[in-house]
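Given next are the chains, with one letter for each unit.
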Amino acid sequence: MPAPVTVGAVLDALAVVHPAVARRVRDETGTLRRHVNVFVGPHNMRDLDDLGTVVPEGTEVAVLPAISGG
Amino acid sequence: MISRMKSPRVCSAPVPVTTRHCTDEARRNVVPPAPPLYYRFMAAPEGLDASTGDVVVLLGTTKGLFAMSAGQDRAHWAVAGPWFRGEEVYAAALDCRHGRARLLVGATSPHWGPSVYRSDDLGASWAEPEPETLAFPEQAGAAVARVWQLQPAGDAQPDVVYAGAEPAALFRSDDGGETFRLDENLWGHEHRPHWQPGGGGLCLHTVVPDPGGGSRLGVAVSAAGFYRTLDGTTWEAANSGIRAPFLPDPTPEFGQCVHKVDCHPAEPDTLFLQHHWGVYRSDDFGGRWDEVGADSLSSTFGFPIVADPNRPKTAFVVPLTSDEFRCVPDGRVQVYRTGDGGVSWRGLGKGLPQSDAYLTVLRDGLSADSLDPTGLYLGTRTGEVFASADAGESWRELARHLPPVLLVKTAVLP
């Protein structure tokens, strides 16, 4: 993917390869599901630039269910 | 033909009648509840133990799908589940048209959102079609919050399945529930910007297909009311006669909080409706509604209404005390039955808790099977399941300690 790679671009790529996973992370409007967190390294993307958060090369992106979802 | 899986059906153990708060007089008059049937839980993914002719009762709960099955004597039950552990199951259907036995489930994960699943082997395996099962198109600018109803159409349209979703959307499948498309005409209705949600959200919770396979279709939305299309394309509000005491204009064109609608396939023009206050009947598929039963029901507030599959003039409701308390009146669980099209109703409670019971039955918490005498199945928000094999004359408890029951759906396997 052309730099800078954002969280949104990562999830777009995920949707191509694993659509069933991708739609569990974002809904049809492209909004991150309420009880899902996406971390760029140790940082929650919601604390940065949401889907526009830049993912530095080599950084792990983790999708985790939020504790708020029970 | 569906093979019966080798497993023991049931064993039962007696349970003493509760004596707390009972006087000697009351104890003599209490009909001891039937001992709860101990059921062997068949852990998914083995699937449901059932074969041709068996009655299957689907139980959607806040924590997954359970299913019960029994022979036509409806005496001994096996229970399987839960599938979709931890997910709300508001919608499910067992599509038995044209000899198939397809399970359809609408489940919502609190984390990962909603989806629709299908199984053609009674739950031993499940499929979720790609790329999408049920979702808004991009141009709609909306996302499905929950699937509220999965409704197979009549036998004349064996591959049509309707889905009701939140926010107030109707989807249709023409391939047995594998793919769905949005009904754009209802989605674009001019009333939509003015629809207000009910307590459970802005949900399209009921779909009433034309049993004869025509283009006529009705839907119920909380809290927009009953809408119908006569030509399959143009939708109109059809709430004339339904009073909405919670609005400044008590008889508005729309905005009613319709809780449930049902009809008998032999009399497709006649609809029964349970409103947020008031039970109604229409004899012209929603063109005009008349309130019925106000003098003989213990309360006109309630959620489910079910037409007897065997008798067009017979229907069942479960009155609840008010929209604030929402529990059965006076601590007594009673299912009310009409045999004259709603003119008069009689309370039936033999075998149901008749004291100190604070139960709630949700809009899809009552279902009827097509055997004769009609079997009825009642699921509560406190996790009990009761059943009657004689059209409500007598009941017994089939299960307890389940998660809150959201949905009860019944079918006889072909």
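Residues numbered from 1 in each chain as written. Chains lettered and ligands numbered in written order. Predicted model: local features only at pLDDT ≥ 70, side-chain atom pairs only at ≥ 80, totals over all residues.

Comments concerning the overall build of chain B
Stage number 1. From N to C terminus, chain B includes 2 helices and 30 strands.
Stage number 2. For chain B, the residues scored as buried account for 50% of the 414 residues in total.
Stage number 3. A sequence separation of at least 24 residues applies to 53% of the contacts in chain B between residues at least 6 apart. (Helix = DSSP H or I, 4+ residues; strand = E, 2+ residues; numbered from the N terminus. Buried ≥ 20, exposed ≤ 12 C-beta atoms within 10 Å, placed from the backbone. Contact = placed C-beta atoms within 7 Å.)

Let's talk about the overall build of chain A
Stage number 1. Summing up its helical and strand segments, chain A has 2 helices and 3 strands in all.
Stage number 2. For chain A, the sequential pattern of α-helices and β-strands runs α-α-β-β-β.
Stage number 3. For chain A, the C-alpha radius of gyration of 12 Å lies close to 11 Å, the compact-globule estimate for 70 residues.
Stage number 4. In terms of its C-alpha atoms, chain A occupies a principal-axis envelope of roughly 35 × 25 × 20 Å.
Stage number 5. Across chain A, the fraction of contacts at a sequence separation of at least 24, relative to all contacts at a separation of at least 6, is 53%. (Rg over C-alpha atoms; globule rule 2.2 N^0.38 Å.)

Notes on unusual backbone geometry
Stage number 1. Looking along the chain, the bond that leaves A:Ala3 and enters A:Pro4 is cis, with omega of -5 degrees.
Stage number 2. Mapped onto the elements, A:Pro4 comes out in the segment before helix 1 (7-17).
Stage number 3. Look at the link from B:Asp372 to B:Pro373: it is a cis peptide, with omega at 5 degrees.
Stage number 4. For B:Pro373, the location among the structural elements is in the loop between strand 26 (366-368) and strand 27 (376-379).

Side note on the sheet that holds strand 1 (residues 36-40) of chain A
Residue and element names in this part refer to chain A.
Stage number 1. Here we have 3 strands laid out as an open sheet, ordered 2-1-3, and antiparallel in their pairing. Only two strands of the sheet have a single partner each, and these edge strands are strand 2 (43-44) and strand 3 (61-65).
Stage number 2. Across 2 bridges, strand 1 lies against strand 2 in antiparallel orientation. Bridging from a neighbouring strand, Phe39 pairs with Asn44 of strand 2. (Pairing = 2+ DSSP bridges.)

A short note on the interface of chain A and chain B
Stage number 1. Residue-level contacts link 14 residues of chain A with 14 residues of chain B.
Stage number 2. No other element matches the 4 residues that helix 2 (residues 19-25) of chain A contributes to the side of chain A that touches chain B.
Stage number 3. In terms of residue class, the side of chain A that touches chain B is made up of 4 nonpolar, 5 polar and 5 charged. (Nonpolar A, V, L, I, M, F, W, Y, C, P; charged D, E, K, R; others polar.)

Observations regarding the pairing of strand 1 of chain A
Two faces, one strand: in a regular strand the side chains alternate between the faces of the sheet.
Residue and element names in this part refer to chain A.
Stage number 1. Taken together, the 5 bridges between strand 1 and strand 3 define a ladder with antiparallel strand orientation. Paired with Asn37 across the two strands is Leu64, which belongs to strand 3.
Stage number 2. Hairpin geometry of strand 1 and strand 2 is characterised by an intervening segment of 2 residues between the two adjacent antiparallel strands and by a positive phi of about 60 degrees at Gly41.

Digging into the environment of B:Ala389
Residue and element names in this part refer to chain B.
Stage number 1. Looking at the element boundaries, Ala389 is found in the loop between strand 28 (385-388) and strand 29 (396-399).
Stage number 2. Residue Ala389 is classed as buried on the basis of its C-beta count, with 21 C-beta atoms lying within 10 Å.
Stage number 3. Between the C-alpha atoms of Ala389 and Leu376, which are 13 residues apart in sequence, the distance is 6.6 Å.
Stage number 4. When near neighbours in sequence (up to four residues on either side) are disregarded, Ala389 contacts Arg74, Pro373 and Gly375.

What to know about the confidence of the model for chain A
Stage number 1. Summing up the model confidence of chain A, the mean pLDDT is 93 and the portion of residues at 70 or higher is 100%.
Stage number 2. Per-element averaging of pLDDT across chain A places helix 2 of chain A at the bottom with 90 and strand 1 of chain A at the top with 97. (pLDDT = per-residue confidence, 0-100.)

A look at the sheet that holds strand 27 of chain B
Sheets are built from strands paired through backbone hydrogen bonds, the pairs being either parallel or antiparallel.
Residues and elements named next belong to chain B.
Stage number 1. The antiparallel open sheet is built from 4 strands, whose spatial order is 26-27-28-29. Since the sheet does not close on itself, it has two edges, and those belong to strand 26 and strand 29, each with one partner. This sheet shows a mean twist of 25 degrees between the axes of neighbouring strands, independent of strand direction.
Stage number 2. Where strand 28 lies against strand 29, 3 bridges are found, and the strand directions are antiparallel. When the sheet's bridge partners are listed, Ala387 is paired in strand 29 with Arg396. (Axes fitted to C-alpha atoms, helices over the stretch in contact; angles between N-to-C directions.)

Observations regarding the environment of A:Val36
Stage number 1. Locating A:Val36 in the fold gives a position in strand 1.
Stage number 2. Separated by 30 residues in sequence, A:Val36 and A:Ala66 have C-alpha atoms that sit 5.1 Å apart.
Stage number 3. In this view, A:Val36 contacts A:Val25, A:Val63, A:Pro65, A:Ala66 and B:His111; residues no more than four positions away in its chain are not counted.

Comments concerning the nonpolar core
All names here are of chain B.
Stage number 1. Leu59 and Val105 are the most contacted members of the largest nonpolar core, which totals 122 residues.
Stage number 2. Top element by residues in this core is strand 7 (residues 88-95). It accounts for 6 residues.
Stage number 3. Not counting the four nearest positions on each side in its chain, Val105 is found in contact with Leu65, Phe84, Val89, Ala91, Ala92, Val116 and Tyr117. (Core = buried A, V, L, I, M, F, W, Y, C linked by C-beta atoms within 7 Å.)

Description of the pairing of strand 9 (residues 113-119) of chain B
All names here are of chain B.
Stage number 1. Most of strand 9 is tucked away: 7 of the 7 residues are buried.
Stage number 2. Where strand 8 (residues 102-109) and strand 9 come together, 7 bridges link them in antiparallel fashion. Across the sheet, residue Thr108 finds its bridge partner in strand 9, namely Pro114.
Stage number 3. Linking strand 8 to strand 9, which pair antiparallel, is a turn of 3 residues.

Comments concerning the environment of A:Asn44
Stage number 1. Mapped onto the elements, A:Asn44 comes out in strand 2.
Stage number 2. Sequence-distant contacts of A:Asn44, that is, excluding residues within four places in its chain, are made with A:Asn37 and A:Phe39.

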